[in-house]
Amino acid sequence: MWWIYALLSAVFAALTAIFAKIGIKNVNSDLATAIRTVVILFIAWGIVLYKGSAKQAQELTPHNWVFLLLSGCATGLSWIFYFKALQLGEVSQVAPVDKLSVALSILLAAIFLGEPLTAKTLLGAGLIIGGTFVLIF
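Not measured: the values here are computed from a predicted model. (Residues numbered from 1 in each chain as written. Predicted model: local features only at pLDDT ≥ 70, side-chain atom pairs only at ≥ 80, totals over all residues. Heavy atoms only, no water.)

A. Examining helix α5 (residues 100-113) more closely. In a regular helix each residue adds 1.5 Å, so 14 residues correspond to 20 Å; α5 covers 19 Å between its end C-alpha atoms and thus fits that length. The complete set of buried residues in α5 reads A103, A109 and A110. Taken end-on, α5 shows its buried residues confined to a sector of 125 degrees, consistent with a single buried face. Of the exposed residues in α5, the ones pointing more than 90 degrees away from its buried face are I111, F112 and L113. Packing partners of the buried residues in α5 comprise α6 (119-136). (Helix = DSSP H or I, 4+ residues; strand = E, 2+ residues; numbered from the N terminus. Expected span 1.5 Å × (residues − 1). Buried < 20%, exposed > 50% of the residue type's maximum accessible area, 1.4 Å probe, protein only. Arc of directions from axis to C-beta. Contact = heavy atoms within 4.5 Å.)

The structure is reproduced here in structure tokens:
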């Protein structure tokens, strides 16, 4: 079932690039990112409130809080740089470079989470990196 959500994520990430490129024309990319963030804030909290998950916030440990906050900071910085890159470049160039995050995630997961680096995983990461270079050069 995880792969269905991953495919949906990919579809919406692709739409994000297209919609953002259209939406940031003649708009400050930081302002565009802030507007996008407010929309996401309402959607995410709407889902949490609808599902009744808000009460679980009391169960979060300081460890959970630290890493969720760090993740939020990383996400925010990623979005700011992504929107600026979209404003300056073509979607067909920016999106592949942004997807280098997949290969970087594989490497960081091996280093920090102890996830295995199999030949299949390394080949996939290598193809992503190679494909990115083909698309941007």
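Following the structure, the description resumes.
B. Focus on the packing of aromatic side chains. This model, assessed by the stated rule, comprises 2 aromatic pairs. Each ring, one from Y82 and one from F83, has its centre 6.5 Å from the other, and the planes form 55 degrees; the classification is tilted. Aromatic side chains F133 and F137 sit 5.7 Å apart centroid to centroid with 10 degrees between the ring planes, which places their arrangement in the stacked category. The ring of W79 is capped by R36, whose NZ or CZ atom sits 4.5 Å from the centre of that ring. (Phe/Tyr/Trp six-rings, centres within 6.5 Å; stacked < 30°, edge-to-face > 60°. Lys NZ or Arg CZ within 6 Å of the ring centre and 35° of its normal.)

C. Up close: the nonpolar core. Counting residues in each nonpolar core, the largest one holds 10 residues, listed as A17, A20, I24, A32, Y82, F83, L86, V91, V94 and A95. Contributions of two or more residues to this core are made by α1 (2-23), α3 (62-88) and α4 (91-98). Apart from the residues lying within four places of it in its own chain, the contact partners of A20 are F83 and L86. (Core = buried A, V, L, I, M, F, W, Y, C linked by side-chain atoms within 4.5 Å.)

D. Highlighting the side chain of T33. When you line up the elements, T33 lands in helix α2 (residues 29-51). Here S29 takes part through its backbone oxygen, which lies 2.9 Å from a polar atom of the side chain of T33. Sequence-distant contacts of T33, that is, excluding residues within four places in its chain, are made with W79, I80 and F83. (Polar contact = N/O pair within 3.5 Å; in protein donor to acceptor, adjacent residues only side chain to side chain.)

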